[in-house]
Each structure stands twice: as C-alpha cells, then as structure tokens.
Amino acid sequence: MCYYINTFTDWGCGYRQGTGRHRAECNRATCRLSGRHRVDDHDCQLECTELQMEDQHIIMETRRERCGECQETGREAHPQPVTNGANGHTVYRHLTY
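Residues numbered from 1 in each chain as written. Predicted model: local features only at pLDDT ≥ 70, side-chain atom pairs only at ≥ 80, totals over all residues. Heavy atoms only, no water.

Some thoughts on the overall build of the protein
Turning to step 1, where the next piece is worked out: Scanning the protein from N- to C-terminus turns up two helices and four strands.
Turning to step 2, where the next piece is worked out: Its helices and strands in sequence order give the protein the pattern β-β-α-β-α-β, from N to C terminus.
Turning to step 3, where the next piece is worked out: Across the 97 residues that make up the protein, the buried fraction comes to 24%.
Turning to step 4, where the next piece is worked out: Across the protein, every contact between residues at least 6 apart in sequence was considered, and the portion connecting residues at least 24 apart equals 49%.
Turning to step 5, where the next piece is worked out: Entry remark: accessible area of the protein is about 7000 Å², with carbon and sulfur atoms responsible for 48%. (Helix = DSSP H or I, 4+ residues; strand = E, 2+ residues; numbered from the N terminus. Buried < 20%, exposed > 50% of the residue type's maximum accessible area, 1.4 Å probe, protein only. Contact = heavy atoms within 4.5 Å. Areas by Shrake-Rupley, 256 points an atom, 1.4 Å probe, with all protein chains shown as cover.)

What follows is the structure, given as structure tokens:
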C-alpha cells in the first residue's frame, strides 16, 4: 500500500502553501504499485494487490510572517484561511519532533 505525502508551510496570514509531493513506497513484492513488485512469473491477479492509500498532508513549517502575496498587497490576512478537517475537508498534521 503505497501513498503520497503532501507537504505544506503555514503562514501567519492564514495561507497554507504546498511545498511538495513525495511518494512513499510500501516496498512489498505483492503490491503492483511498488517499485519492488515481483517481476518473476507469478499469478499477479491472485497474489498481488493494488491499494493506493489516502494521501497524507503534513505541515512541515509554520512561519509567523505573512506570505509574499499578502506582504506585497498589504493584506493582514489571506482571503481564504484554511480549516483543518472541518466539513469533510482534508486533515492536515503538523510535523512534530
């Protein structure tokens, strides 16, 4: 079960900026999506799976200052602040050390 990790920076104005998309491999020989999927002769339909897990959304950095766009326009808050998990929206997790 492979998945993608989407990374973000949260700005002081409320803007959440996407900073990257990274593939996380399960490395299972029985996963057709994995780079380690079996290449030998086998019954792939019977033995293997192809389950893409839900993308994970990680806030890697939190900045106090406003984003570049808000600084340029003189806005204090970004027009559409992001909510976390409300009304079926994407759930974002903060990277913790």
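That covers the picture; the talk isn't over yet.
Some thoughts on the side chain of Arg16
Turning to step 1, where the next piece is worked out: When you line up the elements, Arg16 lands in strand β2 (residues 16-24).
Turning to step 2, where the next piece is worked out: A distance of 2.6 Å separates a polar atom in the side chain of Arg16 from a polar atom in the side chain of Asp10. (Polar contact = N/O pair within 3.5 Å; in protein donor to acceptor, adjacent residues only side chain to side chain.)

Description of unusual backbone geometry
Turning to step 1, where the next piece is worked out: Positive phi, normally seen in glycine, also occurs at Asn27, with a value near 60°.
Turning to step 2, where the next piece is worked out: Within the secondary structure, Asn27 is located in the loop between β2 and α1 (44-47).

Geometric values such as these leave the question of function open.
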